[in-house]
Amino acid sequence: MNAIATPTLPDAPRIASREAWTRQRLELLEREKALSRLQDQVARERRALPWVRVDTRYVFDTLDGSRTLAELFGGRSQLLVQHFMLGPGWEEGCRSCSFMADHIDGIAVHLAHRDIAHVAVSRAPLAQIERFRQRMGWRFRWVSSHGTAFNRDFGVGFDPDQRVDGEVVYNYARRAIARDEAPGISLFARDAAGTVFHTYSTYGRGVEAMIGAYRLIDLAPKGRDEDGLPYSMAWVRHHDRYEDATVAPASCCGGNR
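The structure displayed is predicted, hence computed values, not measured ones. (Residues numbered from 1 in each chain as written. Predicted model: local features only at pLDDT ≥ 70, side-chain atom pairs only at ≥ 80, totals over all residues. Heavy atoms only, no water.)

Caption draft 1: The arrangement of the overall build of the protein in detail. If you tally the helices and strands in the protein, you get six helices and ten strands. C-alpha atoms of the protein, sized along the principal axes, occupy 65 × 45 × 40 Å. In the protein, which comprises 257 residues, the proportion classed as buried is 39%. Restricting the contact set of the protein to residue pairs at least 6 apart, pairs at least 24 apart contribute 61%. In the structure as shown, the protein presents an accessible area of about 15,100 Å², 53% of it carried by carbon and sulfur atoms. Each charge sign in the protein was given a centre, from 35 positive and 33 negative side chains, and these centres are 4 Å apart. (Helix = DSSP H or I, 4+ residues; strand = E, 2+ residues; numbered from the N terminus. Buried < 20%, exposed > 50% of the residue type's maximum accessible area, 1.4 Å probe, protein only. Contact = heavy atoms within 4.5 Å. Areas by Shrake-Rupley, 256 points an atom, 1.4 Å probe, with all protein chains shown as cover. Lys, Arg positive; Asp, Glu negative; His and termini not counted. Charge placed at Lys NZ, Arg CZ, Asp CG, Glu CD.)

Below is the structure:
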């Protein structure tokens, strides 16, 4: 298979004077401001969702030994979980999940100062997770849910009995997903008594909340330029593999719209 081609600039971009460009930029600015206000409103509605008490005692394998979900909060009252696609026996983690994870180390201290702890969770055994984490050079906490129902319960792990005509419930609807897991982000809160609540989960394109690079790519003239690809994130590589142009794309978790 051929490597994904690097996108090129448009053949015939529109050229305008600075004055004409400024007029159109101001028109666009009004739409951008309206979008920002809408995003703020949706964020308020998101925070207004009711909470669901987590009654199951999930226990994860961590570098510090077994830890419950409540213990993953550390000293924080909020917990951000990246459901990272790395299953038992996989040679490496999902490329798209890795793209998401590349954004974490630099912002973890800022999250902590907004009372948010972060952790990645995968079904792979801890030793397998650690091998890949060290290869990628990441410092964030990454724990194993191996042997628990955590992935299934939070909509990112699919057992054979969940499939109906080849479809599973993902992103709150039945979809044809070939793999036994998919990406997601979940948020939890812990009250003063130590009770844990599930407050929010997002899947599919909702996981772009973690991909700050996309926000910058969207500003550039080429944009994402993904329309002609086999799926939307086919161009993404593990950050240590971009130099190898012979790496063939393989369907992962991109394209779940």
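Caption draft 2: Representation of the environment of Phe 84 within the structure. Examined against the element boundaries, Phe 84 turns out to sit in the loop between strand E4 (78-83) and helix H2 (95-101). Look at Phe 84 and you get buried, because its relative accessible area is 1%. Put simply, Phe 84 and Pro 183 are 99 residues apart on the chain and 6.1 Å apart in space, counted from C-alpha to C-alpha.

Caption draft 3: Layout of the pattern of salt bridges. Within this structure, the stated rule accounts for 14 salt bridges. With its nearest N and O atoms 3.0 Å apart, the salt bridge here joins Arg 25 to Glu 32. Arg 224 is paired through a salt bridge with Asp 218; the nearest N and O atoms lie 2.8 Å apart. A relative accessible area of 39% places Asp 218 in the partly exposed class. One salt-bridge network, in which partners are shared between bridges, spans Arg 205, Glu 208, Arg 215, Asp 218 and Arg 224. (Salt bridge = Lys/Arg side-chain N within 4 Å of Asp/Glu carboxyl O.)

Caption draft 4: Looking closely at the packing of aromatic side chains. Evaluation of the coordinates by the stated rule reveals 21 aromatic pairs. When the ring of Phe 132 is compared with that of Trp 142, the centres are 6.1 Å apart and the planes differ by 70 degrees; the resulting orientation is edge-to-face. Of this pair, Phe 132 sits in helix H4 (residues 126-136) while Trp 142 sits in strand E6 (residues 142-144); the two residues are ten residues apart in sequence, bridging distant segments of the chain. Given the relative accessible area of 4%, Phe 132 is considered buried. You can call Trp 142 buried: its relative accessible area is 3%. Grouped by ring-pair contacts, the aromatic residues Tyr 58, Phe 60, Phe 150, Phe 154 and Phe 188 constitute a single cluster. Looking at Arg 18, its charged tip hangs above the ring of Trp 21, at a distance of 5.0 Å from the centre. If you follow Arg 224 out to its NZ or CZ, it ends over the ring of Tyr 214, 3.7 Å from the centre. (Phe/Tyr/Trp six-rings, centres within 6.5 Å; stacked < 30°, edge-to-face > 60°. Lys NZ or Arg CZ within 6 Å of the ring centre and 35° of its normal.)

Caption draft 5: Fine view of unusual backbone geometry. In this structure, Asp 115 takes a positive phi of about 65 degrees despite not being glycine. Tracing the sequence through the fold places Asp 115 in the loop between helix H3 (108-112) and strand E5 (116-122). The phi angle at Asp 165 is positive, at roughly 55 degrees, despite the residue not being glycine. Since its relative accessible area comes to 77%, Asp 165 is described here as exposed.

Caption draft 6: How the structure looks around the environment of Asp 40. Along the chain, Asp 40 falls in helix H1 (residues 18-47). Separated by 42 residues in sequence, Asp 40 and Gln 82 place their C-alpha atoms 23 Å apart.

Caption draft 7: Broad picture of the pairing of E5. The element E5 is largely enclosed, with a buried count of six among its seven residues. Of the strand pairs in this sheet, E4 and E5 are connected by six bridges, and their pairing is parallel. When the bridges of E5 are listed, His 83 appears paired with Val 121. As paired strands, E5 and E6 are joined by three bridges and run parallel to one another. (Pairing = 2+ DSSP bridges.)

Caption draft 8: Representation of a nonpolar patch on the surface in the model. Together, Leu 35, Leu 38 and Val 42 line one region of the surface with nonpolar side chains, adding up to about 250 Å² of accessible area. Along the chain, Val 42 turns up in helix H1. (Patch = residues over 30% accessible without salt bridge, like charges linked within 9 Å, V, L, I, M, F, W, Y side chains within 5 Å.)

Fair warning: the whole summary comes from geometry, so function is off the table for now.
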